[in-house]
Amino acid sequence: MPIEKDEIDFLCKNTRLGKQIGSKEMKKQMDRKGAVKLTGEQALIFCRIRKLDDDFQRTERQRRLLNSMMQAMKKNPLRVFGLLNGEALSTIQTDMSQARMANLAITSPLFLGYDMEEFTVPVKGTWSYATKRGTSVITMNTSQNAEKLYKFIYEK
């Protein structure tokens, strides 16, 4: 997954494997391959980084990770089916039945055409900063966002 040098530094300071490998080695890996292979722990921390910038950048990191995962799945869609029988399924807690999860996995190749970078909520121009109870928050026009999301999903 392509990541920035400051993100590598953050991962190296805040993950066990990052501390073991060190940022120099991860940067070498990135320079050679253009990307870094993240462990599950690193991917989770990568998606949660808030201290480097703001919430929009944090959600952008989440989309980048999901896009990277989707690209890997496009290369080998059968890996999705391997998750059903592997250890991963036993670690998932949900109210969905196993049949429903299997159906989602089987139909997941239908969703691989979406690019996570194409659409974000709130949509540009539909939100503003506000202060509520002394805290800075983002307010958005919910109906405009719902309409744009509907169009993106169903009228694409």
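Residues numbered from 1 in each chain as written. Predicted model: local features only at pLDDT ≥ 70, side-chain atom pairs only at ≥ 80, totals over all residues. Heavy atoms only, no water.

**Q** Break down helix 5 (residues 55–75) for me, with residues and values.
**A** For helix 5, with 21 residues, the first-to-last C-alpha span of 31 Å sits near the 30 Å given by 1.5 Å per residue. Turning to helix 5, the residues buried within the fold contact helix 1 (5–14) and helix 4 (40–48). With a side-chain oxygen positioned 3.1 Å from the backbone nitrogen of Phe56, the residue opening helix 5 is Asp54. (Helix = DSSP H or I, 4+ residues; strand = E, 2+ residues; numbered from the N terminus. Expected span 1.5 Å × (residues − 1). Contact = heavy atoms within 4.5 Å. Polar contact = N/O pair within 3.5 Å; in protein donor to acceptor, adjacent residues only side chain to side chain.)

**Q** Would you mind going over the nonpolar core in detail, with residue names and values included?
**A** By size, the foremost hydrophobic cluster in this structure holds 16 residues, and its most contacted members are Ile3, Ile8, Leu11, Met26, Val36, Leu38 and Phe46. Sorting the residues of this core by element identifies helix 1, helix 3 (23–33) and helix 4 as the ones contributing at least two each. (Core = buried A, V, L, I, M, F, W, Y, C linked by side-chain atoms within 4.5 Å. Buried < 20%, exposed > 50% of the residue type's maximum accessible area, 1.4 Å probe, protein only.)

**Q** Lay out the side chain of Arg58 in plain terms, naming residues and giving numbers.
**A** Checked against the element boundaries, Arg58 lands in helix 5. With residues near it in sequence (within four places) discarded, Arg58 still touches Cys47, Arg48, Ile49, Arg50 and Asp53.

**Q** Before we move on, can you summarise the packing of aromatic side chains with the specific residues and values?
**A** Any two aromatic rings considered together are summarised by their centre-to-centre distance and by the angle between their planes. Under the defined criterion, the tally for this structure stands at three aromatic pairs. Both rings, one in Phe56 and one in Trp127, keep their centres 4.9 Å apart while their planes meet at 40 degrees; by these two values the pair is tilted. Within this pair, whereas Phe56 is found in helix 5, its partner Trp127 is found in strand 1 (residues 127–132), the two being separated by 71 residues in sequence. For Phe56, a relative accessible area of 27% corresponds to the partly exposed category. Look at Trp127 and you get partly exposed, because its relative accessible area is 28%. Between the aromatic rings of Tyr150 and Tyr154, the centroid separation amounts to 4.8 Å while the plane-to-plane angle is 40 degrees, which identifies the pairing as tilted. Of this pair, Tyr150 and Tyr154 both sit in helix 9 (residues 142–154), four residues apart, which is roughly one turn of the helix. For Tyr150, a relative accessible area of 48% corresponds to the partly exposed category. (Phe/Tyr/Trp six-rings, centres within 6.5 Å; stacked < 30°, edge-to-face > 60°.)

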